[in-house]
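# What the coordinates show
One letter stands for each residue in the lines below.
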Amino acid sequence: MANTLARFKKYTDKLDEVYQHASVTAVLDGDGSLVQMGANAGEMIIPKINMDGLADYSRSGGYVAGDVTLTNETVHFNYDRGRVFTVDAMDDEETAGVAFGRLAGEFVRTKVAPEMDAFRFAAYASHSGIGKKAADLSSGDGALTALIEGQNVMDDAEVPEDQRYLFISSALYNLILNVDTTKSKAVLESFQKVVKVPKSRFYTSIVLNDGSTEGQTDGGFVKGASAKEINFMIIHKPALLQYPKHTVNKIIAPQDNQTSDGWKFFYRAYGLADLYENKTAGVYLHSKA
């Protein structure tokens, strides 16, 4: 039994690797070492700094004193989801371990990662203060023009040029590739990284199914009633508060399962997807009209 539990733990440890490969927004995850957990569950403490600007220098009086304030802000996780699965007990415990490994990996790849991506894009797209434009793009030249316009908006807002990530629909990306190679290459290479996003994850708003209400028992998410499809988003990584947590926090063996003869696995994914209030210019959204 101990060996079987250890085997399950080995599979559990690899779930983060599955997430990293399956999630298109994983490249935006923040450095967990820069934050600390709050006093209560579901809280994180984020360091913030504010300072005064320049003042006139006086030859007689010298410098004007300025204030620098370093504060710790408590923020709350805005994403908390979970599921429990049962794998029937088998004579060969090793087979049970393989079954769990496949179940957990497939669950993260096909259910968890797509939902977390969709939630994040929708959260950033609905945030006040970001750059926004809605227009239909039907040509590669039009798409390149829109990308340059988005870059210009960020430049004018003095958003640093490094660490700008472009998330773009696959269809629009392919249109751009059909444009003159030199022109399209120059625009695309101006970003830290270009990431193609499946259409099913790229909406301005989504609805998370609760898993228990009639019509929502399958869980997952659906496109919001008033949502628009996103053409592309330019995101400056330092503008984000994005911290994910993934855990299989409980495994119940068949002999301890009071409801069935099977292994029970409890999976939970929670985290934070938000923007620094003073860095909203670090996100530019271009959606369909």
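Residues numbered from 1 in each chain as written. Predicted model: local features only at pLDDT ≥ 70, side-chain atom pairs only at ≥ 80, totals over all residues. Heavy atoms only, no water.

### Focus on unusual backbone geometry
Unusually for a residue other than glycine, E158 sits at a positive phi of about 60 degrees. With respect to the helices and strands, the residue E158 is situated in the loop between α4 (140-156) and β6 (164-169). Phi is positive for Q163, which is not a glycine, with a value near 60 degrees. Checked against the element boundaries, Q163 lands in the loop between α4 and β6. A relative accessible area of 28% means that Q163 is categorised as partly exposed. (Helix = DSSP H or I, 4+ residues; strand = E, 2+ residues; numbered from the N terminus. Buried < 20%, exposed > 50% of the residue type's maximum accessible area, 1.4 Å probe, protein only.)

### Considering the packing of aromatic side chains
On inspection of all chains with the given rule, the structure shows 7 aromatic pairs. On the basis of an interplanar angle of 50 degrees and a centroid distance of 4.9 Å, the ring pair of Y79 and F119 is categorised as tilted. Linking Y79 in strand β4 (residues 79-88) with F119 in helix α3 (residues 93-125), this pair joins segments that are 40 residues apart in sequence. Under the relative-accessibility criterion, Y79 is labelled buried at 5%. An angle of 25 degrees between the planes, with centres 6.2 Å apart, marks the rings of F232 and Y284 as stacked. One end of the pair, F232, is in strand β10 (residues 230-236); the other, Y284, is in strand β13 (residues 283-287), with 52 residues separating them in the sequence. Accessibility expressed as a relative area gives 0% for F232, which makes it buried. The positively charged end of R268 is found above the aromatic ring belonging to Y270, 4.7 Å away from the centroid. Of note, K279 hangs over the ring of Y276, and the distance from its end group to the ring centre comes to 5.0 Å. (Phe/Tyr/Trp six-rings, centres within 6.5 Å; stacked < 30°, edge-to-face > 60°. Lys NZ or Arg CZ within 6 Å of the ring centre and 35° of its normal.)

### Looking at the pattern of salt bridges
On inspection of all chains with the given rule, the structure shows 11 salt bridges. Across the salt bridge formed by D29 and R120, the nearest N and O atoms sit 3.7 Å from each other. Note that D29 is positioned in the loop between α2 (15-22) and β1 (36-37) and R120 in helix α3, a separation of 91 residues in sequence. The buried category is assigned to D29, whose relative accessible area is 14%. Classification of R120 by relative accessible area gives buried; the value is 3%. A salt bridge links R81 to E115; the nearest nitrogen and oxygen atoms lie 2.7 Å apart. Here E115 lies in helix α3 and R81 lies in strand β4, a separation of 34 residues in the sequence. (Salt bridge = Lys/Arg side-chain N within 4 Å of Asp/Glu carboxyl O.)

### Remarks on the layout of surface pockets
In this structure, the largest pocket spans a volume of roughly 430 Å³. Along the wall of the largest pocket there are 20 residues; nearest its centre are R83, F107, E115, G219 and G220. Residue assignment for the lining of the largest pocket shows that the elements contributing at least two residues are β4, α3 and β12 (262-275). (1 Å grid on protein atoms, 1.4 Å probe; cavity = no way out; pocket = protein on both sides within 12 Å on 5 of 7 lines; lining within 4 Å. Points joined across faces, edges and corners; volume = space filled by probe spheres on them.)

### Section: the pairing of β10
Of all 7 residues in β10, 7 are buried, a share of seventy percent or more. Of the strand pairs in this sheet, β6 and β10 are connected by 5 bridges, and their pairing is antiparallel. Its bridge partner being in β10, I168 is matched across the sheet by F232. By the bridge criterion, 5 bridges tie β10 to β13 in an arrangement that is antiparallel. Its bridge partner being in β13, M233 is matched across the sheet by L285. (Pairing = 2+ DSSP bridges.)

### Observations concerning α4
Across its 17 residues, α4 extends 24 Å between first and last C-alpha, which sits within 8% of the 24 Å expected from 1.5 Å per residue. Here α4 has its buried residues at G140, A143, L144, A146, L147, G150, Q151 and M154. All buried residues of α4 lie within an arc of 160 degrees about the axis, which places them on one face of the element. Directly after α4, the chain includes E158, whose backbone phi takes a positive value near 60 degrees. (Expected span 1.5 Å × (residues − 1). Arc of directions from axis to C-beta.)

### Brief notes about the environment of A135
Note on placement: A135 falls in the loop between β5 (131-134) and α4. For A135, the contacting residues outside a window of four places in its chain are N231, H286, S287, K288 and A289. (Contact = heavy atoms within 4.5 Å.)

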